[in-house]
Amino acid sequence: MTPDRTIFPVTRVGAAAQALLQAEMIGRVLAVFRRTFYVIDSAGGVVCIGDASLGAGPLNATCGILHNDWRAGPLSPGDPARMTGGVLSIGHRSAFSLVEAETWKPAFRPTYRGWAALRRGLRHLAERAAMEAPADGLGRMISPLAAGDRRLLERGEGTPVAKAAAPGIGALWHWLSRRLIDPAYRAAAPSAVASLLGMGPGLTPSGDDFLGGVAVTLRALGCRESADDLAACLIGPLPDRTGTISAAHLRQALVGDASAVTLEAVDAVLAGDPVRIATAGRVAATIGHTSGWDTLCGVACAAASFAAAPQEAEKSAVLYA
């Protein structure tokens with residue numbers, strides 16, 4: 001190793017990222033941002049490396065101190081990356097040691113606490129969204145979705161992204177509601193749902209973030225078959241419809257894995273906790289341009305579809321009285 005090479009100790013690495021890196025990865029730098037950068041291996045697996053502000057997530061590897069701005073150097077897209085002996089070497093000037101890194105796995109999984117708590121959570125989420133959701137993205141759709149009001153979807157109102165997303169979200173809402181209300185209904189997810197992939201600007205488009213929120217919430221609610229069918233609808237067209245980085249995050253969400261802040265937000269809604277929901281709204285505002293609120297819109301869609309099922313209300317009255 002050359003004397004001028006800087007070695008950064010990785011303090012925490014997500015389980016999915018660790019599995020990729022332990023395979024003696026050979027790849028390249030995919031993208032470089034101010035506080036983070038992405039590495040991709042020869043098979044298309046993606047890892048995100050950044051400072052502590054990146055937070056915990058399945059694809060994340062965090063270091064205590066990094067450069068103030070990676071875009072100013074020493075990394076560039078296309079730089080070679082190689083994992084050997086617990087050290088990820090990138091280019092000729094930087095390396096990241098995972099020898100003492102802690103493996104991050106969620107401390108908890110979101111848990112259903114009954115129909116009454118879920119309805120309460122949806123009400124509080126709708127109130128926060130009405131006050132705080134940004135004008136852009138899908139956040140303004142949370143309140144009508146949480147209330148079970150599909151007229152907004154039918155009218156196609158709102159931001160350009162919301163108007164474009166309305167048919168896909170409407171198709172998903174109708175399919176989920178039917179699946180959850182009628183146990184005998186086993187139709188596959190409609191192809192219109194896949195139109196949400198890659199919809200909107202940014203590193204993780206609004207449509208992808210929305211679908212991730214739906215998928216994680218369905219898993220948390222125990223709707224495994226519906227979640228599996230949603231994944232089956234999306235996994236095929238995913239590589240052609242959205243960017244590599246967003247696709248990597250969405251693949252994790254489709255199996256129920258997500259960042260710590262997303263899992264906390266889902267659990268807050270399922271628990272009907274107004275304080276935690278308020279915190280989730282504040283955190284959502286700090287994630288991307290609209291990514292946090294787009295994800296919460298997906299949470300609201302899945303949770304409201306589930307809460308509308310009459311058998312869930314009856315079951316909850318018995319189990320959670």
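The shown structure was predicted, so the numbers you read here are calculated from the model rather than taken from an experiment.

Core analysis: the biggest nonpolar cluster contains 69 residues, and L118, L172 and F210 have the highest contact counts within it. For this core, the element with the highest residue contribution is helix 12 (residues 291–307), accounting for 11 residues. V32, L88, I90 and F96 belong to the second largest nonpolar core, which has 24 residues in total.

Bringing the packing of helix 2 (residues 115–132) against helix 10 (residues 260–271) into the picture now. Packing of helix 2 against helix 10 brings their axes to within 5 Å, and their N-to-C directions diverge by 115°. Contacts from A117, L118, R120, G121, L122 and L125 in helix 2 reach V269, L270 and A271 in helix 10. Looking at the contact of helix 2 with helix 10 residue by residue, the class counts come to 7 nonpolar, 1 polar and 1 charged.

Moving on: the packing of aromatic side chains. The full count for this structure, using the stated rule, is 7 aromatic pairs. Geometrically, the ring pair formed by F37 and F96 is tilted, given 5.4 Å between the ring centres and 50° between the ring planes. Here F37 is found in strand 3 (residues 36–41), whereas its partner F96 is found in strand 8 (residues 94–97), with 59 residues between them in sequence. Accessibility classification places F37 together with F96 in one group, the buried group. Measuring from ring centre to ring centre gives 6.1 Å for W70 and F96, while their planes differ by 50°; the resulting arrangement is tilted. Of the two residues, W70 sits in the loop between strand 5 (60–63) and strand 6 (80–84) while F96 sits in strand 8, which places them 26 residues apart along the sequence. For the pair W70 and F96, a shared accessibility class is recorded, and that class is buried. An aromatic cluster is built from F8, F37, W70 and F96, whose rings are joined through pairwise contacts.

Another aspect to go through is helix 9 (residues 244–254). With 8 of its 11 residues buried, helix 9 lies for the most part within the structure. Here helix 9 has its buried residues at I245, S246, A247, A248, L250, Q252, A253 and L254. Count one or two residues on from helix 9 and you reach G256, which has phi positive near 95°.

In this section: the confidence of the model for the protein chain. Residues at a pLDDT of 70 or more form 92% of the protein chain, whose mean pLDDT is 90. Ignoring residues within four places in sequence, the model shows residues 316–321, a span with pLDDT below 50, making 8 contacts including any to other chains.

The subject of this paragraph is the pairing of strand 3. Most of strand 3 is tucked away, with 6 of its 6 residues classed as buried. Residues T36, Y38 and I40 point to one face of strand 3 and F37, V39 and D41 to the other, with burial holding for every one of them. A loop of 3 residues connects strand 2 (residues 26–32) with strand 3, the two strands running antiparallel in sequence. With antiparallel pairing between neighbouring strands as the criterion, strand 3 and strand 4 (residues 46–51) make up a hairpin whose turn holds 4 residues, including G44 at a positive phi of roughly 95°.

For the rest of this paragraph, the subject is the environment of A258. Within the secondary structure layout, A258 lies in the loop between helix 9 and helix 10. With relative accessibility at 11%, the residue A258 sits in the buried group. Apart from the residues lying within four places of it in its own chain, the contact partners of A258 are G57, P58, W104, V216 and L263.

Here we take up the pattern of salt bridges. Across all of its chains, the model carries 11 salt bridges by this definition. Between R179 and D229 there is a salt bridge, and its shortest N-O distance comes to 2.5 Å. Here the residue R179 occupies a position in helix 5 (residues 160–181), and D229 occupies one in helix 7 (residues 224–235), the gap between them amounting to 50 residues. A relative accessible area of 6% places R179 in the buried class. Linked through salt bridges whose partners overlap, the residues forming this network are R113, E264, D267 and R276.

Turning our attention to the pairing of strand 8. The side-chain alternation of strand 8 yields two buried faces, one formed by S94 and F96 and the other by A95 and S97. Pairing geometry for strand 7 (residues 87–90) and strand 8, over 4 bridges, is antiparallel. Paired with S89 across the bridge in strand 8 is A95. A loop of 3 residues connects strand 7 with strand 8, the two strands running antiparallel in sequence, and G91 in this loop sits at a positive phi of about 60°.

Conventions and cut-offs
Residues numbered from 1 in each chain as written. Predicted model: local features only at pLDDT ≥ 70, side-chain atom pairs only at ≥ 80, totals over all residues. Heavy atoms only, no water. Core = buried A, V, L, I, M, F, W, Y, C linked by side-chain atoms within 4.5 Å. Buried < 20%, exposed > 50% of the residue type's maximum accessible area, 1.4 Å probe, protein only. Helix = DSSP H or I, 4+ residues; strand = E, 2+ residues; numbered from the N terminus. Axes fitted to C-alpha atoms, helices over the stretch in contact; angles between N-to-C directions. Contact = heavy atoms within 4.5 Å. Nonpolar A, V, L, I, M, F, W, Y, C, P; charged D, E, K, R; others polar. Phe/Tyr/Trp six-rings, centres within 6.5 Å; stacked < 30°, edge-to-face > 60°. pLDDT = per-residue confidence, 0-100. Pairing = 2+ DSSP bridges. Salt bridge = Lys/Arg side-chain N within 4 Å of Asp/Glu carboxyl O.

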